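Analysis of the macromolecular model
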Amino acid sequence: MAFRPKRALAVFWKDFLDLRKNLGLLVSMAVLPTVMVLVPIGVVWTYVRTPNHADLRSVALFYDPALPLGASAARFLIDKTLTDWFGMFLVMPVFVPILIASQSVAGEKERRTLEPLLSSPVTAAELVTGKSLAALVPSVAITWTAFVLFCVGVDIVAWPLVKMPLMPNALWTFGVFVIAPLFAFFGNGVAVLISARVSEARMAQQLSALVVLPIVGMVGGQVAGVLKAGFGYYLLQGAVVLVLDAFLLWASIRLLDRERLVSRWG
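Quick caveat, the model's predicted, so the values are computed rather than measured. (Residues numbered from 1 in each chain as written. Predicted model: local features only at pLDDT ≥ 70, side-chain atom pairs only at ≥ 80, totals over all residues. Heavy atoms only, no water.)

Within this structure's numbering, the places UniProt gives as "transmembrane region" (unreviewed entry) are residues 23-48, 85-102, 133-159, 171-195, 207-227 and 233-256. Taken end to end, residues 23-48 is 100% helix and 0% strand, and its first and last C-alpha atoms sit 38 Å apart. Regarding residues 85-102, the helix share stands at 94% and the strand share at 0%, and the terminal C-alpha atoms are separated by 27 Å. (UniProt positions renumbered as here; feature names shortened; annotations may be inferred. Helix = DSSP H or I, 4+ residues; strand = E, 2+ residues; numbered from the N terminus.)

This is the structure in structure tokens:
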């Protein structure tokens, strides 16, 4: 059966309208971006407030023993914070689609609204496309909005020390507009696959959220000085996730085949 974009858009619009009615989910989606914006701004502010504190140089020398004597430790730590925080920022485009996609598949099973959708002529590819867009569009929009607020906040609090705008830089611009959507697709794909196998949205969310742990672990490695983050490091992450996205798309279309779901959940 040929792929028809109108049917995929109909699935997207249905799920999008359901999302607007779910106040609890909307609140949950707003909490993480708020944390992701306020925490690094607060860290940068502490460095700017006490730029000559002796402890700052000790911390800076831990990460770079070759730091020149006349270099500002506060400026070094601000730059490192902005580089490392991008890894944590990627948790958001992964986690938000998980919240949405878990509700759009497993949640429909709980509400018994999946059967009418499966009885329609929509194909598996159209179903996956529509439900993926319903998770990806809000997630990417939230990520980009949080990025703008993050840039404004960092530039405001850092200005008294650096006297120039620090954000957006090349790493963050490329990462937010290229790598972050790939991570959002990854989170959505994992949630769709797990939601198709379990019957409760809460369980789907809990299991899908486990994929965030490796990202947090890598950020921990950066903070500990074990991993050195940079443009090439995040570019490699994006390339790996791109391959995983292709696999998840293929697996989702196979698993969300209408006949398969009807026989399993009908």
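This paragraph deals with the packing of aromatic side chains. Under the counting rule described, the total for this entry stands at 14 aromatic pairs. Consider the rings of F86 and W172, whose centres lie 5.2 Å apart with planes at 70°: the pair is edge-to-face. With a gap of 86 residues between them, F86 in helix α4 (residues 73-89) and W172 in helix α8 (residues 170-197) connect regions that are remote in the sequence. Summarising the aromatic geometry, the rings of F147 and F177 are spaced 5.9 Å apart at their centres and angled 90° between planes, so their arrangement reads as edge-to-face. Residue F147 is found in helix α7 (residues 124-162), and its partner F177 is found in helix α8; the two are separated by 30 residues along the sequence. In textbook terms, an aromatic cluster arises when at least three aromatic residues are bridged by ring pairs, as seen for F86, F89, W144, F147, F150, W172, F177, Y233 and Y234. A cation over a ring is seen here: K80 above Y63, with NZ or CZ 4.3 Å from the ring centre. (Phe/Tyr/Trp six-rings, centres within 6.5 Å; stacked < 30°, edge-to-face > 60°. Lys NZ or Arg CZ within 6 Å of the ring centre and 35° of its normal.)

One way to put it is that α4 packs onto helix α10 (residues 212-223) with a least axis distance of 8 Å and a crossing angle of 165°. Between α4 and α10, the angle is such that the two are roughly antiparallel. Crossing geometry of α4 relative to α10 is assigned as right-handed. Contacts from K80, D84, G87 and M88 of α4 reach α10 at I215, V219 and Q222. The class makeup of the residues in the contact of α4 with α10 is three nonpolar, two polar and two charged. (Axes fitted to C-alpha atoms, helices over the stretch in contact; angles between N-to-C directions. Parallel < 35°, antiparallel > 145°, perpendicular 65-115°, else oblique. Left-handed = near helix turned anticlockwise from the far one by under 90°. Contact = heavy atoms within 4.5 Å. Nonpolar A, V, L, I, M, F, W, Y, C, P; charged D, E, K, R; others polar.)

Here the focus is the nonpolar core. Among the nonpolar cores identified, the biggest contains 64 residues, and M36, L82, F89, F150, M167, W172 and Y234 are the most heavily contacted of them. Those elements that place two or more of their residues in this core are α2 (23-49), α3 (54-63), α4, α5 (91-111), α7, α8, α10 and α11 (231-255). Sorting elements by how many residues they give to this core places α8 first, with 12 residues. Not counting residues up to four positions away in its chain, the partners in contact with W172 are L82, W85, F86, F89, F147, F150 and M167. (Core = buried A, V, L, I, M, F, W, Y, C linked by side-chain atoms within 4.5 Å. Buried < 20%, exposed > 50% of the residue type's maximum accessible area, 1.4 Å probe, protein only.)

On the surface, L23, L26, V27, V31, V35 and V39 cluster together into a nonpolar patch covering about 490 Å² of accessible area. Tracing the backbone through its elements, the reader meets V27 in helix α2. (Patch = residues over 30% accessible without salt bridge, like charges linked within 9 Å, V, L, I, M, F, W, Y side chains within 5 Å. Areas by Shrake-Rupley, 256 points an atom, 1.4 Å probe, with all protein chains shown as cover. Salt bridge = Lys/Arg side-chain N within 4 Å of Asp/Glu carboxyl O.)

Let us now look at the pattern of salt bridges. Inspection of the entire model under this criterion finds three salt bridges. A salt bridge links R75 to D79; the nearest nitrogen and oxygen atoms lie 3.2 Å apart. Here the residue R75 and the residue D79 both occupy positions in helix α4, the gap between them amounting to four residues, near one helical turn. Since its relative accessible area comes to 27%, R75 is described here as partly exposed.

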